[in-house]
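Architecture at a glance
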Amino acid sequence: MAAKLRSVLALVTGAGSGIGQAVSLRLAREGALVAASDRDGAAAEETIRLLVGTGRDAGAGPGCHAAFQADVAQAGAVQALIEQIQACFSRPPSVVVSCAGITRDEFLLRMPEDYWDEVIAVNLKGTFLVTQAAARALVSSGSGGSIINISSIVGKVGNLGQTNYAASKAGVEGMTRNVARELGRHGIRCNSILPGFIITPMTKKVPQKVLDREVSSCNSHRVPGH
Ligand code: NAP
């Protein structure tokens, strides 16, 4: 089993589903210890059960993967999450992957204010709170690290019915660039990833005609032979 990341303790938010669960599995397979967090604690525990057999145990203690419950949109919950991780593993996470995210899709002309507020609260403010709390812990420990924020290609190019989501993801990208400039001198990297369309529980809500359009747009961009 690869052990490239043997010394890494990784916090993954939104780890109970989709991309966050896949990232948790991959990190564990590469040798990292994983602190899997989700607002649904049972889903985070389920992810930890999937990690059994990746080289570490699941359970309690500094040598085991562990599950945590936290709503990233709540500053107190995020602070408590970082403290619980430090108590459990005796160190802050050196890799932090913010995957927690939501959609509340509606065309601009019909979008209720609470759809805007909820998406910004989770996707943008939640990513800020996790980034800030993790950075504070890493700067205190002096150990350096890597913060990875999952944005979206929608933040760059937009998508029908996703004004709120596009704004939140463009915000994540801008915030990440700024954080990278501020934290580099502490040995902390900050990067964002802009995935395209990936089938997960989040995309189950997307109407079939929109899925069909996405697939045909991908096909039209495909290089012949690939
Ligand atoms: P997903 O399957 O819905 O997973 C997101 C996870 O985040 C869920 O477990 C969700 O819990 C959790 N979550 C939501 N709000 C939270 C909160 N306030 N605090 C803590 N956890 C919370 O979605 P996904 O497709 O894997 O997406 C993961 C990330 O990738 C998101 O940031 C998304 O915007 C981004 N992304 C996805 C795609 C795609 O095509 N799938 C493309 C580009 C970017 P609940 O199930 O309870 O909501």
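The structure displayed is predicted, hence computed values, not measured ones.

1. Some remarks on the packing of helix α4 (residues 113-141) against helix α6 (residues 163-183)
Two elements in contact, α4 and α6, have axes whose closest approach is 8 Å; the angle formed by their N-to-C orientations is 15 degrees. Looking at the two axes, α4 sits roughly parallel to α6. Taken as a pair, α4 and α6 cross one another with a handedness that is right-handed. Of the residues in α6, those touching α4 at Tyr-115, Trp-116, Val-119, Ile-120, Asn-123, Leu-124, Thr-127, Phe-128, Thr-131 and Ala-135 are Thr-163, Asn-164, Tyr-165, Ala-167, Ser-168, Lys-169, Gly-171, Val-172, Met-175, Val-179 and Leu-183. Taken together, the residues of the contact of α4 with α6 sort by class into 13 nonpolar, seven polar and one charged.

2. Concerning the pairing of strand β1 (residues 9-13)
With five of five residues buried, β1 lies mostly within the body of the structure. Every second residue of β1 is oriented toward a common face, with Leu-9, Leu-11 and Thr-13 on one face and Ala-10 and Val-12 on the other, all of them buried. Bridge count for β1 against strand β2 (residues 33-38) is five bridges, and the pairing is parallel. Across the sheet, the residue bridging to Val-12 is Ala-36, located in β2. Chirality of the crossover, the property in question, places the unit of β1, helix α1 (residues 18-29) and β2 among those that are right-handed. Where β1 meets strand β5 (residues 95-98), four bridges bridge the pair, whose relative direction is parallel. Counted as the bridge partner of Thr-13 is Ser-98 from β5.

3. Details of the nonpolar core
Counting residues in hydrophobic clusters, the biggest one holds 36 residues, and the most contacted among them are Leu-11, Phe-68, Ile-85, Phe-89 and Ile-147. When residues of this core are traced back to their parent elements, those giving at least two are β1, β2, β4 (64-69), α3 (75-89), α4, α6 and β7 (188-193). It is α4 that contributes the most residues to this core, nine residues altogether. Val-12, Ala-32, Ile-48 and Val-97 belong to the second-largest nonpolar core, a separate cluster that totals 17 residues.

4. What about α6?
Over its 21 residues, α6 runs 30 Å from end to end, which matches the ideal 30 Å to within 8%, given 1.5 Å per residue. Among the residues of α6, those classed as buried are Asn-164, Tyr-165, Ala-166, Ser-168, Lys-169, Val-172, Glu-173, Met-175, Thr-176, Val-179 and Leu-183. On its buried face, α6 is in contact with α4, β6 (145-150), α5 (154-157) and β7.

5. Description of the pattern of salt bridges
The tally for this structure, following the rule as stated, stands at seven salt bridges. Between Glu-46 and Arg-49 there is a salt bridge, with its nearest N and O atoms 3.1 Å apart. Linking Glu-46 with Arg-49, this pair stays in helix α2 (residues 41-51), spanning three residues, or about one helical turn. In this structure Glu-46 comes out as partly exposed when scored by relative accessible area, which is 36%. Glu-106 is the partner of Arg-110 in a salt bridge, and the nearest nitrogen-oxygen pair spans 3.2 Å. It is possible to trace a salt-bridge network through shared partners that takes in Lys-4, Arg-26 and Glu-30.

What counts and how
Residues numbered from 1 in each chain as written. Predicted model: local features only at pLDDT ≥ 70, side-chain atom pairs only at ≥ 80, totals over all residues. Heavy atoms only, no water. Axes fitted to C-alpha atoms, helices over the stretch in contact; angles between N-to-C directions. Helix = DSSP H or I, 4+ residues; strand = E, 2+ residues; numbered from the N terminus. Parallel < 35°, antiparallel > 145°, perpendicular 65-115°, else oblique. Left-handed = near helix turned anticlockwise from the far one by under 90°. Contact = heavy atoms within 4.5 Å. Nonpolar A, V, L, I, M, F, W, Y, C, P; charged D, E, K, R; others polar. Buried < 20%, exposed > 50% of the residue type's maximum accessible area, 1.4 Å probe, protein only. Pairing = 2+ DSSP bridges. Right-handed = clockwise from strand over helix to strand, strands pointing away. Core = buried A, V, L, I, M, F, W, Y, C linked by side-chain atoms within 4.5 Å. Expected span 1.5 Å × (residues − 1). Salt bridge = Lys/Arg side-chain N within 4 Å of Asp/Glu carboxyl O.

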